[in-house]
Amino acid sequence: MTGRTGASLEVHDSTDPADHLAGDRASGRGEARPKRRARVLLTGLARTAPIIVVVAGWELAARGADDSYFPPPAQIATRLRQLWFSGPPDRFWLTQQAIDNVPPSLARLLGAWLLAAAAGIAAGVLLGRLRFLADLLEPAIHFARAIPPPAVLPVWLALLHIGSPMQVATIVFGVIWPVVLAAIDGARAVQPAQEDIARVFHLSGPQRLVYLILPAALPKIFAGLRLSLSLSLILMVVSELMGGATNGIGFSLLLEPQRTYDIPAMWVGIVVLGVLGFAFNAALLAVERRVLARHGRAHQKI
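A few points on the structure. No experiment lies behind these values; they were computed from the predicted model shown. Here the residue index of a chain counts from 1 through its sequence in written order. For a predicted model such as this one, the threshold for reporting local features is a pLDDT of at least 70, and the threshold for listing and counting side-chain atom pairs is 80 or more; totals across whole chains, interfaces and linings nevertheless cover every residue. Side-chain metrics rest on all non-hydrogen atoms present in the structure, leaving aside hydrogens and water.

Concerning the overall build of the protein chain
Defined as follows: The helix and strand labels rest on DSSP assignments: H or I over at least four residues marks a helix, E over at least two residues marks a strand, and numbering proceeds from the N terminus. Only protein chains enter the accessibility calculation, which uses a 1.4 Å probe; a residue is then buried when its area is under 20% of its type maximum, exposed when over 50%, and partly exposed in between. Residue burial considers only the protein chains on display, and all accessible areas are found by Shrake-Rupley using a 1.4 Å probe.
Each helix and strand in the protein chain was counted, giving 11 helices and 0 strands. Mapped from its N terminus to its C terminus, the protein chain presents α and β elements in the order α-α-α-α-α-α-α-α-α-α-α. Taken over 302 residues, the protein chain has a buried fraction of 32%. As presented, the protein chain carries roughly 18,700 Å² of accessible surface, and 67% of it is formed by carbon and sulfur atoms.

So, in structure tokens, the structure goes:
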């Protein structure tokens, strides 16, 4: 009896404490998941509550005013469904008007923004590292960025004529300057100690660009990209309203409704542009957080 008891006690004492610790951690994760989900739910409610309050207040105020120029959100949503989401199910309920106007606008906007981002980052990093060249071109840069992009529309019309190239040129000219200036400041953010380390390890020019300059410049570059993305949405509408466009969101939801006095459709255009701006900014912020977090983890490992 005693031997059996001792054996049983010996087996019990030989249990690895790490197993208990792993079990505690697993139970802790199990308990933390509901709390995390509740926190995410509360955060979502806190963010959507002001929107719900604003829309409800807008609905009540518009119905109380009974003004044809100030339609309630319910009427705007109904008009949006009629214009864009009353098509056949095999086209995901999209109307022909939505198919003809939304993709061209988004293609011009994103294409011009990506072109301006690539050119602006390249030029900004170059000017940030070559101070004598930046000092030489600084007056020209500040002169060009001070020109309102709509004022250059006649130039693009004369050079490129009416069409998508003219609209893309208008957007690129207006949004490239925040990216250039942000990249210049970011390229100069490299610490002297990092420069010394690069010299000690004899890093080549491309290696310095990839492992030293661009990581140091990323936070400011992303700030410039967010600003340029907002400007690109504005200039997309301006180019479609003033550039003789025959399709696009600005043309179909702002210019045409003005001509036909379709006030709810005009408000649809305003709401759609606001939603697009919010969605683009949220997507870019998500990319920025992920890229910067990955860069931070890599920097800590180094």
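Back to the text.
A closer look at a nonpolar patch on the surface
As a reminder, the rule being used: Each patch groups residues whose relative accessible area exceeds 30% and which form no salt bridge, using 9 Å between like charges and 5 Å between nonpolar side chains of Val, Leu, Ile, Met, Phe, Trp and Tyr. One speaks of a salt bridge when a side-chain nitrogen belonging to Lys or Arg is within 4 Å of a carboxyl oxygen belonging to Asp or Glu.
A contiguous nonpolar surface patch, about 320 Å² in accessible area, is contributed by Leu-41, Leu-42 and Leu-45. Note that Leu-45 resides in helix α2 (residues 17–65). The exposure class of Leu-45 is partly exposed, given its relative accessible area of 48%.

Things to note about a positive patch on the surface
Rules: Positive charge is attributed to Lys and Arg, negative charge to Asp and Glu, and no charge count is given to His or to the chain ends. Think of each charge as sitting on NZ of Lys, CZ of Arg, CG of Asp or CD of Glu.
On the surface, Arg-33, Lys-35, Arg-36, Arg-37 and Arg-39 cluster together to form a positively charged patch. Along the chain, Arg-33 turns up in helix α2.

Some details on the nonpolar core
Basically, it comes down to this: Put simply, a nonpolar core is a bunch of buried Ala, Val, Leu, Ile, Met, Phe, Trp, Tyr and Cys residues held in one set by side-chain atoms that sit within 4.5 Å of each other. Pairs of residues are marked as contacts when any of their non-hydrogen atoms sit within 4.5 Å.
Of all hydrophobic cores here, the largest spans 55 residues; its most connected members are Trp-84, Leu-225, Met-236, Ile-249, Leu-253, Val-272 and Leu-273. Those elements that place two or more of their residues in this core are α3 (73–84), α4 (96–129), α5 (131–145), α6 (153–160), α7 (164–187), α9 (205–242), α10 (249–260) and α11 (263–301). Ranked by the residues each element gives to this core, the list is headed by α7, at 13 residues. Not counting chain neighbours up to four residues away, the residues in contact with Leu-253 comprise Leu-83, Trp-84, Ala-265, Met-266, Val-268, Gly-269 and Val-272.

Quick look at the packing of aromatic side chains
Here is the rule we go by: The criterion for an aromatic pair is that two Phe, Tyr or Trp rings (for Trp, the six-membered ring) have centres within 6.5 Å, with stacked assigned to planes under 30 degrees apart, edge-to-face to planes over 60 apart and tilted to the rest.
What the rule picks out here adds up to 5 aromatic pairs. Where Trp-156 meets Phe-173, the ring centres are 6.2 Å apart and the plane angle is 65°; that geometry is what we call edge-to-face. Here Phe-173 lies in helix α7 and Trp-156 lies in helix α6, a separation of 17 residues in the sequence. Under the relative-accessibility criterion, Phe-173 is labelled buried at 17%. One aromatic cluster is present, formed by Trp-58, Phe-70 and Trp-267 through successive ring pairs.

Describing α3
Rules: One less than the residue count of a helix, multiplied by 1.5 Å, gives the span that helix is expected to have. Comment: arc refers to directions from the helix axis out to C-beta atoms.
With 12 residues, α3 extends 16 Å between its outermost C-alpha atoms, agreeing within 8% with the 16 Å of an ideal straight helix rising 1.5 Å per residue. Taken as a whole, α3 has its buried residues at Pro-73, Ile-76, Leu-83 and Trp-84. End-on view of α3: buried residues confined to an arc of 85°, all on one side of the axis.

A few points about unusual backbone geometry
Not every positive phi belongs to a glycine, and Trp-93 is a case in point at roughly 65°. Tracing the chain through its elements places Trp-93 in the loop between α3 and α4. Even without being a glycine, Tyr-261 presents a positive backbone phi close to 55°. Mapped onto the secondary structure, Tyr-261 falls in the loop between α10 and α11.

Quick word on the packing of α5 against α7
Packed helices, taken two at a time, are described by their axes: the angle between them and the distance between them. Here is the rule we go by: Axis angles are defined between N-to-C directions and span 0 to 180 degrees, where every axis is a line fitted to C-alpha atoms and, for a helix, only to the segment in contact. Angles below 35 degrees are treated as roughly parallel, those above 145 as roughly antiparallel, those between 65 and 115 as roughly perpendicular, and all remaining angles as oblique. Note on convention: the crossing is left-handed when the near helix lies turned anticlockwise from the far helix by less than a right angle, right-handed when the turn is clockwise.
As a packed pair, α5 and α7 sit with axes 9 Å apart at the nearest point and diverge in direction by 140°. Relative to α7, the element α5 lies oblique. Taken as a pair, α5 and α7 cross one another with a handedness that is left-handed. Packed against α5, whose contacting residues are Ile-141, His-142, Ala-144 and Arg-145, the element α7 presents Phe-173, Trp-177 and Leu-181 at the interface.

Some details on the pattern of salt bridges
Inspection of the entire model under this criterion finds 5 salt bridges. For Arg-63, the salt bridge goes to Glu-59, with nearest N and O atoms at 2.6 Å. A residue pair is termed a helical-turn pair when its members lie 3 or 4 positions apart in one helix, as Arg-63 and Glu-59 do in helix α2 at 4 residues. For Glu-59, a relative accessible area of 16% translates into the label buried. Of the charged contacts, one joins Asp-262 and Arg-79 as a salt bridge, the two residues approaching to 2.6 Å between their closest N and O atoms. Here Asp-262 is found in the loop between α10 and α11, whereas its partner Arg-79 is found in helix α3, with 183 residues between them in sequence.

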